[in-house]
Amino acid sequence: MKKEEKEILQNFAHKVRYYRECAGLSQEKLAEYSGLHRTYIGSIERLEKCPSLLSALKIAKALNVSISLLTE
């Protein structure tokens, strides 16, 4: 993975965790609200998985934020 790609994923993972914690949600609740598996949410936050665009949109909607906020 290129350095730039890794930085993008790190930024996304950090923002997902930040907004999840600001919302007072556990990874399990975020998974429930987004329709994704809880281990998948954890894997994204630990940089073990690269989310698809659809998964990123589901996460953004569940967090009630714009996807652009998670990807800036």
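Here the structure is a predicted model, which means the values were calculated and not measured.

Looking at this structure, how should I read unusual backbone geometry?
Most peptide bonds take the trans configuration, and most residues that are not glycine carry a negative phi. Look at Leu47: it is not a glycine, yet its phi comes out positive at around 65°. Along the chain, Leu47 turns up in the loop between α3 (38–45) and α4 (53–63). When its relative accessible area of 38% is taken as the criterion, Leu47 is described as partly exposed. Of note, Asn64 is a non-glycine position whose phi angle comes to about 60°, a positive value. Summarising the element assignment, Asn64 is placed in the loop between α4 and α5 (67–71). Here Asn64 falls in the exposed class, since its relative accessible area comes to 73%.

Explain the layout of surface pockets here, please?
Empty space among the atoms becomes apparent when a probe as large as a water molecule is rolled across them. When its volume is computed, the largest pocket comes out at roughly 170 Å³. Around the largest pocket, the lining residues are Ile8, Leu9, Asn11, Phe12, Cys50, Pro51, Ser52, Leu53, Ala56, Ile67, Leu70 and Thr71. At the level of secondary structure, the elements contributing two or more residues to the lining of the largest pocket comprise α1 (3–22), α4 and α5. Split by residue class, the lining of the largest pocket holds nine nonpolar, three polar and no charged.

Which parts of the structure should I look at to understand the packing of α1 against α4?
Each packed pair of helices is defined by two parameters, the angle between the axes and the distance between the axes. Packing of α1 against α4 brings their axes to within 10 Å, and their N-to-C directions diverge by 25°. As judged from the angle between their axes, α1 and α4 are roughly parallel. Handedness of the α1/α4 crossing: left-handed. On α4, the residues that touch Phe12, Val16, Tyr19 and Arg20 of α1 are Ala56, Ile59 and Leu63.

In this structure, what is going on with α4? I would like to understand it.
Because each turn of an α-helix spans 3.6 residues, side chains separated by three or four positions end up pointing in the same direction. Buried within α4 are the following residues: Ser55, Ala56, Ile59, Ala60, Ala62 and Leu63. Projected onto a plane normal to the axis of α4, the buried residues spread over an arc of 165° and lie on a single side. Summarising the geometry of α4, the exposed residues directed more than 90 degrees from the buried face are Leu53, Leu54 and Lys61. Against the buried residues of α4 lie α1, α2 (27–34), α3 and α5. Trailing α4 by a residue or two, Asn64 shows a phi angle of about 60°, which is positive.

Help me understand the packing of aromatic side chains in this model?
Considering all chains together, one arrives at one aromatic pair under this definition. Residues Tyr18 and Tyr19 carry aromatic rings whose centres are separated by 5.0 Å and whose planes lie at 80° to one another, so their mutual orientation is edge-to-face. Relative accessible area serves as the criterion here: at 45%, Tyr18 is assigned to the partly exposed category.

What counts, and at which threshold
- Residues numbered from 1 in each chain as written.
- Predicted model: local features only at pLDDT ≥ 70, side-chain atom pairs only at ≥ 80, totals over all residues.
- Heavy atoms only, no water.
- Helix = DSSP H or I, 4+ residues; strand = E, 2+ residues; numbered from the N terminus.
- Buried < 20%, exposed > 50% of the residue type's maximum accessible area, 1.4 Å probe, protein only.
- 1 Å grid on protein atoms, 1.4 Å probe; cavity = no way out; pocket = protein on both sides within 12 Å on 5 of 7 lines; lining within 4 Å.
- Points joined across faces, edges and corners; volume = space filled by probe spheres on them.
- Nonpolar A, V, L, I, M, F, W, Y, C, P; charged D, E, K, R; others polar.
- Axes fitted to C-alpha atoms, helices over the stretch in contact; angles between N-to-C directions.
- Parallel < 35°, antiparallel > 145°, perpendicular 65-115°, else oblique.
- Left-handed = near helix turned anticlockwise from the far one by under 90°.
- Contact = heavy atoms within 4.5 Å.
- Arc of directions from axis to C-beta.
- Phe/Tyr/Trp six-rings, centres within 6.5 Å; stacked < 30°, edge-to-face > 60°.

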